[in-house]
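Notes for the structure review
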Amino acid sequence: MNSVEIRRFADSDWPGVWDVWHEVVAAGESYDNAPDSTAADAREHWLPAPPWEQWVAAEDGAVLGMYKVGPNKGRLGAHVANASFMVSSRARGRGLGRTLGEHCLDRARALGYTAMQFNAVVSTNTVAVRLWRSLGFIIVGTIPDGFQSAKHGLVDFHIMHRYL
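So, here's what we can say about the structure. All values derive from a computational prediction rather than experimental measurement.

So, about the packing of aromatic side chains. One pass over the structure, following the stated rule, counts nine aromatic pairs. A centroid spacing of 6.4 Å and a plane angle of 70° characterise the contact between Trp21 and Trp46, whose relative ring orientation is edge-to-face. Pair noted here: Trp21 is in helix 1 (residues 14-27) and Trp46 is in helix 2 (residues 39-46), with a separation of 25 residues, a long-range link. Neither Trp21 nor Trp46 differs from the other in exposure class; each is buried. One aromatic cluster in this structure is built from Trp55, Tyr67, Phe85, Phe118, Trp132 and Phe137.

Below, the structure written as structure tokens:
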């Protein structure tokens with residue numbers, strides 16, 4: 001991943017972010033957004049206002065993946081971060097998920113968060129579950145049949161957590 005640049009999202013990145021979003025969400029395997037989400041839906045979901053931050057991984061100007069990081073809850077729960085990640089099929093198997101995950105954990109620490117929690121990691125997304133476990137996350141809870149997978153039907157959601 002040496003030639004990949006991770007940088008803050010800029011408005012000019014939107015077409016590439018939308019392409020990745022559309023590919024990932026339309027697959028119906030890892031996000032609970034409607035597979036037929038519009039670009040406006042995606043923009044509203046992916047670009048919440050500060051304190052949220054959005055980052056992209058780009059190679060030769062093409063967005064290959066991205067993440068967003070911000071508070072998991074408001075007020076008295078705002079010290080715990082939440083994040084979402086998407087990687088294009090063009091970059092899968094190249095370590096980009098790990099690179100983005102490590103970057104995000106470093107960024108969350110720099111922003112003063114004390115922990116990170118993922119509220120809904122789809123159990124059949126074994127690549128993601130394995131990655132997050134390797135980065136120190138543990139499964140703290142499971143929602144039985146919480147996700148309607150396009151391929152597998154009803155599957156579990158995991159809640160994953162780690163201290164920073």
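As paired elements, strand 6 (residues 138-149) and strand 7 (residues 153-163) share eight bridges and run antiparallel to each other. Along strand 7, the bridge assignment pairs Ile138 with His161. Between strand 6 and strand 7, which pair antiparallel one after the other, the connecting turn spans three residues.

With an omega dihedral of 20°, the bond running from Pro50 to Pro51 counts as a cis peptide bond. Its location among the elements puts Pro51 in the loop between helix 2 and strand 2 (53-59). Despite not being glycine, Asp60 has its phi angle at roughly 55°, a positive value. Among the secondary structure elements, Asp60 is positioned in the loop between strand 2 and strand 3 (62-71). One non-glycine residue with positive phi stands out, namely Arg75, at about 40°.

Once that is clear, we can look at the environment of Tyr113. As for its position among the elements, Tyr113 is in the loop between helix 3 (96-110) and strand 5 (115-122). Placed 92 residues apart in sequence, Tyr113 and Trp21 show a C-alpha to C-alpha distance of 26 Å. Beyond its immediate stretch of four places on either side in the chain, Tyr113 contacts Gly70, Pro71, Ala78, His79, Val80, Ala81, Ala108 and Leu164.

Running from N to C, helix 1 and helix 2 cross one another at 100°; their axes reach a closest spacing of 10 Å. Between helix 1 and helix 2, the interaxial angle falls into the category roughly perpendicular. On helix 2, the residues touching Trp14, Val17, Trp18 and Trp21 of helix 1 are Ala39, Ala42, Arg43, His45 and Trp46. When its residues are assigned to classes, the contact of helix 1 with helix 2 shows seven nonpolar, one polar and one charged.

Okay, the nonpolar core next. Counting residues in hydrophobic clusters, the biggest one holds 27 residues, and the most contacted among them are Val69, Phe85, Leu96, Met116, Phe118, Trp132 and Phe137. No other element matches helix 3, which puts five residues into this core. The contacts of Phe118, once residues within four sequence positions are left out, are Asn82, Ala83, Phe85, Trp132, Phe137, His158, Ile159 and Met160. Listed in part, the 16 residues of the second largest apolar core include Trp18, Trp21, Val25 and Trp46.

Summed over all chains, the structure comprises eight salt bridges. Of the charged contacts in the structure, one is a salt bridge between Arg7 and Glu5, with a shortest N-O distance of 3.3 Å. Judged by relative accessible area, which is 22%, Arg7 ranks as partly exposed. When its relative accessible area of 43% is taken as the criterion, Glu5 is described as partly exposed. Through salt bridges with shared partners, one network takes in Glu5, Arg7 and Asp13.

Rules used throughout
- Residues numbered from 1 in each chain as written.
- Predicted model: local features only at pLDDT ≥ 70, side-chain atom pairs only at ≥ 80, totals over all residues.
- Heavy atoms only, no water.
- Phe/Tyr/Trp six-rings, centres within 6.5 Å; stacked < 30°, edge-to-face > 60°.
- Helix = DSSP H or I, 4+ residues; strand = E, 2+ residues; numbered from the N terminus.
- Buried < 20%, exposed > 50% of the residue type's maximum accessible area, 1.4 Å probe, protein only.
- Pairing = 2+ DSSP bridges.
- Contact = heavy atoms within 4.5 Å.
- Axes fitted to C-alpha atoms, helices over the stretch in contact; angles between N-to-C directions.
- Parallel < 35°, antiparallel > 145°, perpendicular 65-115°, else oblique.
- Nonpolar A, V, L, I, M, F, W, Y, C, P; charged D, E, K, R; others polar.
- Core = buried A, V, L, I, M, F, W, Y, C linked by side-chain atoms within 4.5 Å.
- Salt bridge = Lys/Arg side-chain N within 4 Å of Asp/Glu carboxyl O.

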